[in-house]
2 protein chains.
Amino acid sequence: MNEIVRTPKPPYYAVIFTSIRTANDKGYEQVANDIVRIVSQQKGFLGAESVRDKDGFGMTISYWASMDSINSWKNNAPHQKAKELGKEKWYSQYMIRVCLVNSDNFFAGNHNTKIK
Amino acid sequence: MNEIVRTPKPPYYAVIFTSIRTANDKGYEQVANDIVRIVSQQKGFLGAESVRDKDGFGMTISYWASMDSINSWKNNAPHQKAKELGKEKWYSQYMIRVCLVNSDNFFAGNHNTKIK
């Protein structure tokens, strides 16, 4: 189940990864699962939100405590290997944006949600 | 069709809207369409990327030239009305994050994409 990440009080950092998948799924799920597991062990990782639609357009946003933690993840060996495979096989286009989150605002209503 | 927004050279701004929909769809599509049309006419609006999965978890990121343009949109009357309706009816939870985009990196491969 997808959840909204309950990030700490700003400022913190966000890396927005917007991508379009190819039709090639070979090896993708295994590597994606590995990366999710490894990133969650990184110092300064605050959580991630991820959605992809049926046409292969997706967005993943990871949240970080500092630019140092983002740069360490950028240089992480399994991450670099996954990125190379991604460019070769799984992504036809992507954009990575590194951001400073200056303010945020959380809302929770009293509705029943679609997600159980 | 969803597209990666070809934003100008950083710095620019991003507003990340992560949300969980309720099961109540009444009036949602009409208002959502109206808001897309109105926001695209705002000064400083650079584009938006949006995805929602079948469970109702979604992310919309809008890109902006300045904090002034974000604040003008925040105070826009149809937008404020839509936000009230959203809290009453359509969203069980949401988070809004206002960010400064400091760097970005676009990749385009030679693959065939899933999206036509």
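This text goes with the structure placed above it.
**Thoughts on helix α2 (residues 67-74) of chain B**
Residues that lie three or four places apart on an α-helix share one face, since the helix turns once every 3.6 residues. Residue and element names in this part refer to chain B. Burial in α2 covers these residues: Ser69, Ile70 and Trp73. Angularly, the buried residues of α2 cover 100° about the axis, an arc narrow enough to put them on a single face. Exposed side of α2, more than 90 degrees from the buried face: Asp68 and Lys74 are the residues found there. Those residues of α2 that are buried lie in contact with β1 (12-21), α1 (28-39), β3 (57-64), α3 (77-90) and β4 (91-108).

**Quick look at the packing of aromatic side chains**
Under the criterion given, the structure shown has 18 aromatic pairs over all chains. Look at Tyr28 of chain B and Tyr91 of chain B: their rings are 6.4 Å apart centre to centre, the planes differ by 80°, and that puts the pair in the edge-to-face class. Taken as a pair, Tyr28 of chain B in helix α1 and Tyr91 of chain B in strand β4 lie far apart in primary sequence, 63 residues in all. Accessibility expressed as a relative area gives 12% for Tyr91 of chain B, which makes it buried. Members of the aromatic cluster, connected to one another through ring pairs, are Phe17, Tyr28, Trp90, Tyr91 and Tyr94 of chain A together with Phe107 of chain B. Its end group placed over the ring of Phe106 of chain A, Arg6 of chain A keeps NZ or CZ at 3.7 Å from the ring centre.

**So, the pattern of salt bridges**
Tallied over the entire structure, the rule returns eight salt bridges over all chains. The shortest N-O distance in the salt bridge between Glu49 of chain A and Arg97 of chain B comes to 3.2 Å. Here Arg97 of chain B lies in strand β4 and Glu49 of chain A lies in strand β2 (residues 45-52), a pairing that spans two chains. For the residue pair Glu49 of chain A and Arg97 of chain B, the accessibility class agrees, reading buried in each case.

**A closer look at the nonpolar core**
Judged by nonpolar contacts, the single largest core of 28 residues is most densely connected at Ile16 and Ile61 of chain A together with Ile16 and Ile61 of chain B. Put simply, the parts of the chain that give this core at least two residues each are β1 (12-21), β3 (57-64) and β4 (91-108) of chain A together with β1, β3 and β4 of chain B. Among residues more than four places away in sequence, those in contact with Ile16 of chain B are Ala14, Ile16, Ile61 and Tyr63 of chain A together with Thr60, Ile61, Met95, Ile96, Arg97 and Cys99 of chain B. Core analysis: the second largest hydrophobic core is formed by 20 residues, Phe45, Trp90 and Tyr91 of chain A together with Phe107 of chain B among them.

**Re the relation of the copies chain B and chain A**
Of the transformation placing chain B onto chain A, the axial shift is 0.0 Å and the rotation is 180°, giving an RMSD of 0.0 Å. Overall, the copies show the geometry of a two-fold rotation axis. Closest approach to the rotation axis within chain B is made by the C-alpha atom of Leu100 of chain B, at a distance of 2.6 Å. Both copies present the same face, since 100% of the interface residues in chain B are matched by interface residues at the equivalent positions in chain A.

**Here's the deal with α1 of chain B**
Residues and elements named next belong to chain B. With twelve residues, α1 extends 16 Å between its outermost C-alpha atoms, agreeing within 8% with the 16 Å of an ideal straight helix rising 1.5 Å per residue. Among all positions of α1, only Tyr28, Ile35, Ile38 and Val39 are buried. Burial along α1 is one-sided: seen end-on, the buried residues are contained in an arc of 105°. Counted as exposed and oriented over 90 degrees from the buried face of α1: Glu29, Gln30 and Val36. Buried residues in α1 make contact with β1, β2 (45-52), β3, α2, α3 and β4.

What counts and what doesn't
- Residues numbered from 1 in each chain as written.
- Chains lettered and ligands numbered in written order.
- Predicted model: local features only at pLDDT ≥ 70, side-chain atom pairs only at ≥ 80, totals over all residues.
- Heavy atoms only, no water.
- Buried < 20%, exposed > 50% of the residue type's maximum accessible area, 1.4 Å probe, protein only.
- Helix = DSSP H or I, 4+ residues; strand = E, 2+ residues; numbered from the N terminus.
- Arc of directions from axis to C-beta.
- Contact = heavy atoms within 4.5 Å.
- Phe/Tyr/Trp six-rings, centres within 6.5 Å; stacked < 30°, edge-to-face > 60°.
- Lys NZ or Arg CZ within 6 Å of the ring centre and 35° of its normal.
- Salt bridge = Lys/Arg side-chain N within 4 Å of Asp/Glu carboxyl O.
- Core = buried A, V, L, I, M, F, W, Y, C linked by side-chain atoms within 4.5 Å.
- Least-squares fit on C-alpha atoms with pLDDT ≥ 70 in both.
- Expected span 1.5 Å × (residues − 1).

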